[in-house]
Amino acid sequence: MRKRQAVILQKLLKEGGCTIRQLSLLCDVSYRTIQNDIRDINHLLHRKGSSAHLLTQSGIGVILKDADEAELGNLIRQLDGNNSGSM
């Protein structure tokens, strides 16, 4: 799951936003799984004290707001390299 969250954050950091459908195809999981991942990523960002958050807007998709590229880059590396243990 953490690797998938890293993929989602990388995609949003690179492109600024995309639809949940696009993310589900990219990660080869269901629409609902991506919705759960978005919720989990937001909780993680909040726990880490980040001002960044994922915003879902009807008709637009998922948008990465208030992103600090260096901070998120570090988080992506942690998620990508840490499949077990808590963050």
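Above this note sits the structure.
All figures in this text were calculated on a predicted structure; none of them were measured in a lab.

What follows covers the overall build of the protein chain. Looking only at helices and strands, the protein chain has four helices and three strands in total. Across the protein chain, helices and strands are ordered from the amino to the carboxyl terminus as α-β-α-α-β-β-α. Relative to a compact globule of 87 residues, whose C-alpha radius of gyration would be 12 Å, the protein chain shows 12 Å and is just as compact. Principal-axis analysis of the C-alpha atoms places the extent of the protein chain at approximately 30 × 25 × 20 Å. The burial tally for the protein chain puts 32% of its 87 residues in the buried class. A fraction of 55% describes how many contacts in the protein chain between residues 6 or more apart in sequence connect residues 24 or more apart. Summed over all atoms, the accessible surface of the protein chain reaches about 5,200 Å², with 47% contributed by carbon and sulfur. Distance between charge centres in the protein chain, computed from 12 positive and 9 negative side chains, equals 5 Å.

Two faces make up the sheet, and in a regular strand the side chains alternate between them. With two bridges connecting them, strand 1 (residues 17-18) and strand 3 (residues 61-65) associate as antiparallel partners. If you follow C18 over to strand 3, its bridge partner there is V62. In terms of strand pairing, strand 2 (residues 53-57) meets strand 3 through five bridges, oriented antiparallel. Note on strand 3: the bridge partner recorded for H53 is K65. Linking strand 2 to strand 3, which pair antiparallel, is a turn of three residues; within it G59 sits at a positive phi near 80°.

This part covers the packing of helix 1 (residues 2-15) against helix 3 (residues 31-47). One can describe the packing of helix 1 onto helix 3 by two numbers: an axis separation of 10 Å at closest approach and a directional angle of 85°. Our classification of the angle between helix 1 and helix 3 gives roughly perpendicular. Residues R4, Q5, I8 and L9 of helix 1 pack against T33, I34, D37, D40 and I41 of helix 3. A class-by-class count of the residues in the contact of helix 1 with helix 3 yields four nonpolar, two polar and three charged.

Parameters at a glance
- Residues numbered from 1 in each chain as written.
- Predicted model: local features only at pLDDT ≥ 70, side-chain atom pairs only at ≥ 80, totals over all residues.
- Heavy atoms only, no water.
- Helix = DSSP H or I, 4+ residues; strand = E, 2+ residues; numbered from the N terminus.
- Rg over C-alpha atoms; globule rule 2.2 N^0.38 Å.
- Buried < 20%, exposed > 50% of the residue type's maximum accessible area, 1.4 Å probe, protein only.
- Contact = heavy atoms within 4.5 Å.
- Areas by Shrake-Rupley, 256 points an atom, 1.4 Å probe, with all protein chains shown as cover.
- Lys, Arg positive; Asp, Glu negative; His and termini not counted.
- Charge placed at Lys NZ, Arg CZ, Asp CG, Glu CD.
- Pairing = 2+ DSSP bridges.
- Axes fitted to C-alpha atoms, helices over the stretch in contact; angles between N-to-C directions.
- Parallel < 35°, antiparallel > 145°, perpendicular 65-115°, else oblique.
- Nonpolar A, V, L, I, M, F, W, Y, C, P; charged D, E, K, R; others polar.

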